Amino acid sequence: MASQNGFEISQLPEVSCESSARTEFLPHKNARLAFDYIAPLEGVSKARQLLVLVNGFARPRADFRAFRKRIHAQMPHLATLAFDNRGAGETEGGLEELSVEVMAADAAFLARSYARTLGLQGYHCLGISMGGMICQTWAAHDPMVMSATLVSTTPGGRARVWPEGVDPEQALSRPFEEWPQDYDIMLRRMTRYFGPKFRQASPLLIEIMVKNMLKTHTGAASQGNAKAQYNATVAFDGTGSASDIGCPVLVLTGTDDQIIPRGNSEALCRLIPQAKMKVFDGIGHLLLIEDPENFVAQVRSFLNELGQ
């Protein structure tokens, strides 16, 4: 595939389409991509759809574990592929001049490799937050993307809607703020990701997440990885290519998202020709955690409508 703003993939390798819970690795453009593939349910002879899952800022693919269990049980012919973006999880290297376009090319590289082995003509993608930026870019440049689900994300550029009280110029020029090592500071930061109902109902779960963040995001390597991803998201501007997305797009957002407010999803629907939006009332940025059953239902319904 020819290079276009960093969107370039290498020659496709041979891959195994046997289900595996273990981490696998493929080299691509100075990185070693960590991923895992889950085949359709036992007894299903062939995958009818391949869904590629792309996570957000500094988050590993393991966040999709519960979602994958639910959606595979409800869609027996579905196969899923999840990977760690550069700078997250177990993926190694490739942080030099990191961009959303480079991460989108990683996704296309993995997806095309599996689609070829599965005998599929295309694939579907789902991206959360930064992952939504990646999926927008991917869908705009790759005709094999058959649908995109964009979750709690933004088109970036001038179309980006910032949280109330945030000055856009200051936000764009603000350098990366390192992960806090203090529990109370991390708790205040993480609390903003959830809607008020979830904060009241699930304080223990939030506490566990905060402790996990403190455990995982320590040391110079973790801070450097997060900084590279942060700079890539701040520089992201998908407004010029959004109209090139030719596949159906489902945009999911929460009314109480304090990280990437609902106005960003409305902007996406104005820019992308075949986009439709579903709103989660009273939910914050992390739809997958706050309302998992409805989240799965929306994705399942969208993929079933496409019937490909």
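Look a little higher up for the structure.
Residues numbered from 1 in each chain as written. Predicted model: local features only at pLDDT ≥ 70, side-chain atom pairs only at ≥ 80, totals over all residues. Heavy atoms only, no water.

Enquirer: Whenever I open this one, the overall build of the protein chain confuses me. Can you help?
Expert: Counting its regular elements, the protein chain contains 11 helices and 9 strands. A globule of 308 residues ought to have a C-alpha radius of gyration of about 19 Å, and the protein chain, at 18 Å, matches this closely. If one aligns the C-alpha atoms of the protein chain with their principal axes, the spans along those axes are about 50 × 40 × 40 Å. Residues classed as buried in the protein chain amount to 52% of the 308 residues present. Taking all contacts inside the protein chain whose residues are at least 6 apart in sequence as the whole, residues at least 24 apart take part in 74%. (Helix = DSSP H or I, 4+ residues; strand = E, 2+ residues; numbered from the N terminus. Rg over C-alpha atoms; globule rule 2.2 N^0.38 Å. Buried < 20%, exposed > 50% of the residue type's maximum accessible area, 1.4 Å probe, protein only. Contact = heavy atoms within 4.5 Å.)

Enquirer: Mind showing me how you'd approach the nonpolar core here?
Expert: For soluble globular proteins, nonpolar side chains are generally found buried alongside one another. In terms of nonpolar packing, the biggest core is built from 53 residues, with Leu50, Trp138 and Val249 touching the most fellow members. For this core, the element with the most residues is helix α2 (residues 100-118), which contributes 12 residues. Leave out the neighbours within four places in its chain, and Leu50 touches Tyr37, Ala79, Thr80, Leu81, Ala111, Tyr114, Ala115, Leu118, Leu120, Tyr123 and His124. Leu78, Val151, Leu252 and Leu303 belong to the second-largest nonpolar core, a separate cluster that totals 23 residues. (Core = buried A, V, L, I, M, F, W, Y, C linked by side-chain atoms within 4.5 Å.)

Enquirer: How should the pattern of salt bridges be read in this particular structure?
Expert: Two side chains of opposite charge can pair, provided their charged atoms sit close to one another. Under the criterion given, the structure shown has 14 salt bridges. For Glu293, the salt bridge is made with Arg70, and the minimal N-O distance between the two is 2.9 Å. Of this pair, Glu293 sits in helix α11 (residues 292-306) while Arg70 sits in helix α1 (residues 65-74); the two residues are 223 residues apart in sequence, bridging distant segments of the chain. Here Arg70 falls in the partly exposed class, since its relative accessible area comes to 27%. Members of the salt-bridge network, linked through shared partners, are Asp36, Arg61, Arg68, Asp84 and Glu90. (Salt bridge = Lys/Arg side-chain N within 4 Å of Asp/Glu carboxyl O.)

Enquirer: Got a minute to help me understand the packing of aromatic side chains in this structure?
Expert: Any pair of aromatic rings gets described here by the distance separating the centres and the angle formed by the planes. Applying the stated criterion across every chain yields a total of 8 aromatic pairs. For the pair Phe57 and Trp179, a centre-to-centre distance of 5.7 Å together with 25° between the ring planes defines the contact as stacked. One end of the pair, Phe57, is in the loop between β3 (49-54) and α1; the other, Trp179, is in the loop between α4 (168-173) and α5 (183-191), with 122 residues separating them in the sequence. Relative to Trp138, the ring of Tyr123 lies with its centre 5.6 Å away and its plane at 35°, an arrangement referred to as tilted. (Phe/Tyr/Trp six-rings, centres within 6.5 Å; stacked < 30°, edge-to-face > 60°.)

Enquirer: Looking at this model, I keep getting lost on the packing of α5 against helix α7 (residues 203-216). Mind explaining?
Expert: A pair of packed helices is characterised by two quantities: the angle between their axes and the separation of those axes. Close contact between α5 and α7 brings their axes to 10 Å; oriented N to C, the two are set at 120°. Looking at the two axes, α5 sits oblique to α7. Seen along the crossing, α5 lies across α7 with a hand that is right-handed. Facing Tyr183, Met186, Leu187 and Met190 of α5, the residues of α7 in contact are Ile206, Glu207, Met209, Val210, Lys211, Met213 and Leu214. For the contact of α5 with α7, the per-class residue count stands at 9 nonpolar, no polar and 2 charged. (Axes fitted to C-alpha atoms, helices over the stretch in contact; angles between N-to-C directions. Parallel < 35°, antiparallel > 145°, perpendicular 65-115°, else oblique. Left-handed = near helix turned anticlockwise from the far one by under 90°. Nonpolar A, V, L, I, M, F, W, Y, C, P; charged D, E, K, R; others polar.)

Enquirer: Looking at this structure, I do not really get the environment of Gly284. What am I missing?
Expert: As for its position among the elements, Gly284 is in the loop between β9 (275-280) and α10 (287-290). With 88 residues separating them along the chain, Gly284 and Pro196 place their C-alpha atoms 7.9 Å apart. Residues in contact with Gly284, not counting those within four places in the same chain, are Tyr193, Phe194, Gly195, Gly254, Asp256, Asp257 and Glu290.

Enquirer: Where do I start with the packing of α1 against α11 in this structure?
Expert: Packing of α1 against α11 leaves a shortest axis separation of 10 Å and a crossing angle of 45°. Relative to α11, α1 is oriented oblique. The element α1 and its partner α11 pack so that their crossing is right-handed. Within the contact between the two elements, α1 uses Phe67, Arg70, Ile71 and Gln74 and α11 uses Pro292, Glu293, Phe295, Val296, Val299 and Arg300. The residue makeup of the contact of α1 with α11, split by class, is 6 nonpolar, 1 polar and 3 charged.

Enquirer: Can you help me understand the environment of Met146 in this one?
Expert: Along the chain, the position of Met146 falls in strand β7 (residues 145-151). Considering only alpha carbons, one finds Met146 and Phe57, 89 residues apart in sequence, at a separation of 24 Å.

Enquirer: Hey, could you run me through α2 in this one?
Expert: An α-helix turns once every 3.6 residues. As a result, residues three or four positions apart point the same way. In this model α2 runs 27 Å from its N-terminal to its C-terminal C-alpha over 19 residues, within 8% of the 27 Å that 1.5 Å per residue would give. With 16 of its 19 residues buried, α2 lies for the most part within the structure. Directly after α2, the chain includes Gly119, whose backbone phi takes a positive value near 75°. (Expected span 1.5 Å × (residues − 1).)

Enquirer: Explain a nonpolar patch on the surface to me, please; I cannot follow it from the model alone.
Expert: A contiguous nonpolar surface patch, about 340 Å² in accessible area, is contributed by Leu204, Leu205, Ile208 and Ile289. The element contributing the most residues to the nonpolar patch is α7, with 3 residues. By the secondary structure assignment, Ile208 is in helix α7. Owing to a relative accessible area of 49%, Ile208 belongs among the partly exposed residues under this scheme. (Patch = residues over 30% accessible without salt bridge, like charges linked within 9 Å, V, L, I, M, F, W, Y side chains within 5 Å. Areas by Shrake-Rupley, 256 points an atom, 1.4 Å probe, with all protein chains shown as cover.)

Enquirer: Mind showing me how you'd approach the pairing of β3 here?
Expert: Across a regular strand the side chains alternate sides, sitting on one face of the sheet and then on the other. Of all 6 residues in β3, 6 are buried, a share of seventy percent or more. With burial as the criterion, each face of β3 is covered, one bearing Gln49, Leu51 and Leu53 and the other bearing Leu50, Val52 and Val54. Pairing analysis gives 6 bridges linking β3 to strand β4 (residues 78-83), with the strands arranged parallel. Across the sheet, the residue bridging to Leu53 is Ala82, located in β4. Handedness of the crossover is the feature at issue here: the chain leaves β3, passes through α1, returns alongside β4, and the resulting connection is right-handed. Bridging between β3 and strand β6 (residues 123-128) involves 4 bridges; their strand directions are parallel. When the sheet's bridge partners are listed, Val54 is paired in β6 with Gly127. (Pairing = 2+ DSSP bridges. Right-handed = clockwise from strand over helix to strand, strands pointing away.)

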